[in-house]
Amino acid sequence: MSDAESSAKLAFKGQTYDLPVKKGALGPDVIDISKLYAEGKVFTFDPGYTSTASCESRITYIDGDEGILLHRGYPIDQLAENGDFIETCYLLYYGELPNQAQRRSFEHAITHHTMIHEQMSRFFQGFRRDAHPMAVMVAVVGAMSAFYHDSTDIDDPRQREIASHRVIAKLPTIAAMAYKYHIGQPFVYPRNELSYAANFLHMCFAVPCEEYKVNPILARAMDRIFILHADHEQNASTSTVRLAGSSGANPFACIAAGIACLWGPAHGGANEAALKMLGEIGTVDNIPAFIEKVKDKSSNIRLMGFGHRVYKNYDPRAKIMQQTAHEVLSELGVKDDPLLDVARELERVALNDKYFVERKLYPNVDFYSGITLRTLGFPTSMFTVLFALARTVGWISQWKEMIEDPSQRIGRPRQLYNGPLKRDYVSISKRGK
Ligand code: ACO
């Protein structure tokens, strides 16, 4: 590499600073500004971190312009078509696809950690029944650190691994309990003979008074939804988990922080918002008027499930999700779903509209996931919970990578201060009535 490529020059106030340039395995070069403040007493400004790499990672790669998503190098469509969620978890966490013995042992560990401490189940009774299940998730997952303190020593690699297995294994149980509590049904315990996804469907939809057989096609669809949401490099919730973890906080507290961040409508709440939007549009005839409202900036209405901070092309997960939606609808004999008709037509109209084309706005994974989850039987309030469940493996893999990174420091962004200048305190008697 020539000098010209290995460093960048910044000229500022008569000084020139040589900034090292790092090259990743894929993706744009990265100018290392970490010493800039120490040397030049100057910050960089990047709200929303649109041009800032916050860490070095080996887990997930996204090329937003080309619509590429790789986990440890493997394209998402190959994992979704040929693999399963357990294998994807192993890949994200340990870095390679498992061989047969590794898979057996990992699956055994996850399956045999699915029950939660019995006292935790009583924790649920403290919530109102109408509480949003995400509110319950934030609290119960955070409370895991109170129940599993034998795996909160982040400096012990084995404890880190046990905590990671625990969150991957127990999140489905906690999510299903949040759902059952919400609808007033008794909790259903995990079953070890079922796969990860089938066990989750069983815990959500079985009732003690009758036999419940998990439909293998629906279990496969659920598994694929989990794969599609497993990781997505340094998105808002993952960055939250890393930032929380950078202070040395325990892994359960970090995952709870990630869940809280994911709840927002611009992130994990988007599939709930997309389905709500499709329902409000109602019929295909209403699409042109809705599109006009979206394009009118004063309306503040966005086309939910469209656009992405990184993808400026088709989200590769959206294609697989669209196919999964069709499989689920056809398995359940839903011939005409008006919302699917609205979604398809809305997508067609938007992809041919100058406003969306110019801004490179394409459907993201959430555009079709709401329809799929609703057809599987989940209420909209559970959509983000399912996302959190699936993303847990991504969060914990990124957390582990951060803890094991020797260059890791506490995350502490700086700011451009524009508030009042220093001024003296005025006693309340002199501040007017
Ligand atoms: N509908 C209409 N206009 C949009 C949309 C949308 N969904 N998304 C972006 N735009 C417009 C913006 O108004 C802006 O227009 P302007 O240049 O005329 O001001 C331009 O496109 C760029 O938008 P930004 O908000 O700057 O893009 P950013 O990268 O910050 O936003 C985001 C990405 C938050 C995802 C945005 O596209 C959005 O709000 N989408 C809808 C919510 C959604 O589907 N979120 C799911 C994300 S995927 C996930 O979390 C799994």
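Keep in mind it's a predicted model, so treat the numbers as computed, not measured. (Residues numbered from 1 in each chain as written. Predicted model: local features only at pLDDT ≥ 70, side-chain atom pairs only at ≥ 80, totals over all residues. Heavy atoms only, no water.)

In this structure, Lys41 takes a positive phi of about 50° despite not being glycine. Turning to its location among the elements, Lys41 is positioned in the loop between α2 (36–40) and β4 (60–63). Even without glycine at this site, Lys360 takes up a positive phi of about 55°. The partly exposed category is assigned to Lys360, whose relative accessible area is 43%. (Helix = DSSP H or I, 4+ residues; strand = E, 2+ residues; numbered from the N terminus. Buried < 20%, exposed > 50% of the residue type's maximum accessible area, 1.4 Å probe, protein only.)

This part takes up the state of the cysteines. Counted by the stated rule, this structure contains zero disulfides. In this model Cys254 remains outside any disulfide bridge; the closest cysteine sulfur is found in Cys261, 13 Å from its own. Exposure remark for Cys254: the relative accessible area of 1% places this residue in the buried category. (Disulfide = S-S within 2.5 Å.)

Turning our eyes to something else, we now look at empty space enclosed by the protein. Using the criterion set out here, one finds two cavities of 30 Å³ or more in the structure. One number sums up the size of the largest cavity: a volume of about 100 Å³. In terms of lining, the largest cavity is formed by 13 residues, of which the most central are Thr111, Thr114, Ser195, Tyr196 and Asn199. Mapped onto the lining of the largest cavity, the elements with two or more residues apiece are α5 (100–111), α8 (157–183) and α9 (196–205). Per-element tally for the lining of the largest cavity: the top contributor is α5, with three residues. Classifying every residue of the lining of the largest cavity gives six nonpolar, five polar and two charged. Space inside the second largest cavity adds up to approximately 30 Å³. Ile225, His229, Asn271, Leu373, Phe383, Leu386, Phe387 and Ala390 are the residues that line the second largest cavity. A total of four residues in the lining of the second largest cavity trace back to one element, the largest contributor, which is helix α19 (residues 383–403). (1 Å grid on protein atoms, 1.4 Å probe; cavity = no way out; pocket = protein on both sides within 12 Å on 5 of 7 lines; lining within 4 Å. Points joined across faces, edges and corners; volume = space filled by probe spheres on them. Nonpolar A, V, L, I, M, F, W, Y, C, P; charged D, E, K, R; others polar.)

Of the pairings in the sheet, the one linking strand β1 (residues 7–12) to strand β2 (residues 15–22) comprises six bridges and is antiparallel in character. From the neighbouring strand, Ala8 faces β2, where its bridge partner is Leu19. Turn length for the β1-β2 hairpin, with the two strands adjacent in sequence and antiparallel, is two residues, and the turn residue Lys13 shows positive phi of about 50°. Taken together, the two bridges between β2 and strand β3 (residues 30–31) define a ladder with antiparallel strand orientation. In the strand pairing of β3, Lys22 is matched with Val30. (Pairing = 2+ DSSP bridges.)

Time to look at the side chain of Asn199. On the secondary structure map, Asn199 appears in helix α9. With a relative accessible area of 4%, Asn199 lands in the buried category. Here Asn199 is in contact with Thr114, Pro190, Arg191 and Leu194, once residues within four sequence places are set aside. (Contact = heavy atoms within 4.5 Å.)

Taken together, 21 residues lie near the ligand, and Lys297, Leu303, Gly305, Arg309 and Tyr355 sit nearest. With respect to the ligand, the backbone of Gly305 contributes an N or O atom lying 2.8 Å from an oxygen atom. A total of 930 Å² of accessible area belongs to the ligand in isolation, and the protein chains cover 74% of it. For the shell around the ligand, the class distribution of residues is 10 nonpolar, five polar and six charged. (Near = heavy atom within 4 Å. Polar contact = N/O pair within 3.5 Å; in protein donor to acceptor, adjacent residues only side chain to side chain. Areas by Shrake-Rupley, 256 points an atom, 1.4 Å probe, with all protein chains shown as cover.)

So, about the packing of aromatic side chains. For any two aromatic rings, the description comes down to two numbers: the centre-to-centre distance and the angle of the planes. Applying the stated criterion across every chain, the model contains 21 aromatic pairs. Plain terms: the ring middles of Tyr90 and Phe106 are 5.4 Å apart, the flat faces sit at 80° to each other, and that makes the pair edge-to-face. Here Tyr90, found in helix α4 (residues 85–94), pairs with Phe106, found in helix α5; they are 16 residues apart in sequence, far enough to count as distant. Since its relative accessible area comes to 10%, Tyr90 is described here as buried. Among the aromatic side chains, those forming a connected cluster through ring pairs are Phe85, Tyr179, Tyr196, Phe200, Phe205, Phe226 and Phe378. Above the plane of the ring of Tyr93 lies Lys400, whose end atom (NZ or CZ) is 4.8 Å from the centre. (Phe/Tyr/Trp six-rings, centres within 6.5 Å; stacked < 30°, edge-to-face > 60°. Lys NZ or Arg CZ within 6 Å of the ring centre and 35° of its normal.)

Counting 108 residues, the largest nonpolar core has Met137, Phe200, Met222, Leu303, Leu346 and Phe378 as its most contacted members. The leading source of residues in this core is α19, at 13 residues. Apart from residues no more than four positions distant in its own chain, Leu303 is found in contact with Met277, Phe290, Ile291, Val294, Leu346, Ala350 and Phe356. (Core = buried A, V, L, I, M, F, W, Y, C linked by side-chain atoms within 4.5 Å.)

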